[in-house]
Structures are given as structure tokens and as C-alpha cells.
Amino acid sequence: MVDKQALREETERLVREAMERKALVVKQGNTRFEATCGKCGKANRVLAEKGTKRATFTCKECGHKQETL
């Protein structure tokens, strides 16, 4: 039986080797919020630039304009 620590070390080694070969590029992307509409309660998926704390969006169900928390 292989323990979790051994699996973690193996994964880290494989990622490190892939990055050295330049086969794997790690980049930071946009932030995705799961926001709930304050008016109708519908769930909305909102994309925001990285590092943004709040994002304005319009509800897809009722059209209410609001800001994420």
C-alpha cells in the first residue's frame, strides 16, 4: 500500500520534471465567482480579472445589475 506522502512526492517530482522540459506551462487566469442574485436568487457564474475582490454583473435570469461580495 502506498501512502499519501509518497504519492504527493511522486506527483511533485513529475510536475517538476515536466516544467524543466517546458512541456508544462503554469499561468494564472481569471477568477470565477459563483454569485447568487440578490433579487431572484438565481446562481450566476461571473468572471473577473485576477486579483479583483468584487465584480459587477447582470443576472442572467432577471437582468438585475449588482456586484459580487
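Here the structure is shown first, and the text comes after it.
Residues numbered from 1 in each chain as written. Predicted model: local features only at pLDDT ≥ 70, side-chain atom pairs only at ≥ 80, totals over all residues. Heavy atoms only, no water.

Please give an account of the overall build of the protein that cites residues and values.
The helix and strand inventory of the protein stands at one helix and four strands. Listed N to C, the secondary structure of the protein is α-β-β-β-β in terms of helices and strands. For a compact globule of 69 residues, the expected C-alpha radius of gyration is about 11 Å, and the protein comes in at 20 Å, more than 25% above that figure. If you line up the protein on its principal axes, its C-alpha atoms span 50 × 30 × 20 Å. Every one of the 69 residues in the protein was classed for burial, and the buried ones make up 17%. In the protein, 11% of the contacts between residues at least 6 apart in sequence involve partners at least 24 apart. Summing over all exposed atoms, the protein offers an accessible surface of approximately 6100 Å²; the carbon and sulfur share of this is 51%. The positive charge centre, built from 16 side chains, and the negative charge centre, built from 10, are 9 Å apart in the protein. (Helix = DSSP H or I, 4+ residues; strand = E, 2+ residues; numbered from the N terminus. Rg over C-alpha atoms; globule rule 2.2 N^0.38 Å. Buried < 20%, exposed > 50% of the residue type's maximum accessible area, 1.4 Å probe, protein only. Contact = heavy atoms within 4.5 Å. Areas by Shrake-Rupley, 256 points an atom, 1.4 Å probe, with all protein chains shown as cover. Lys, Arg positive; Asp, Glu negative; His and termini not counted. Charge placed at Lys NZ, Arg CZ, Asp CG, Glu CD.)

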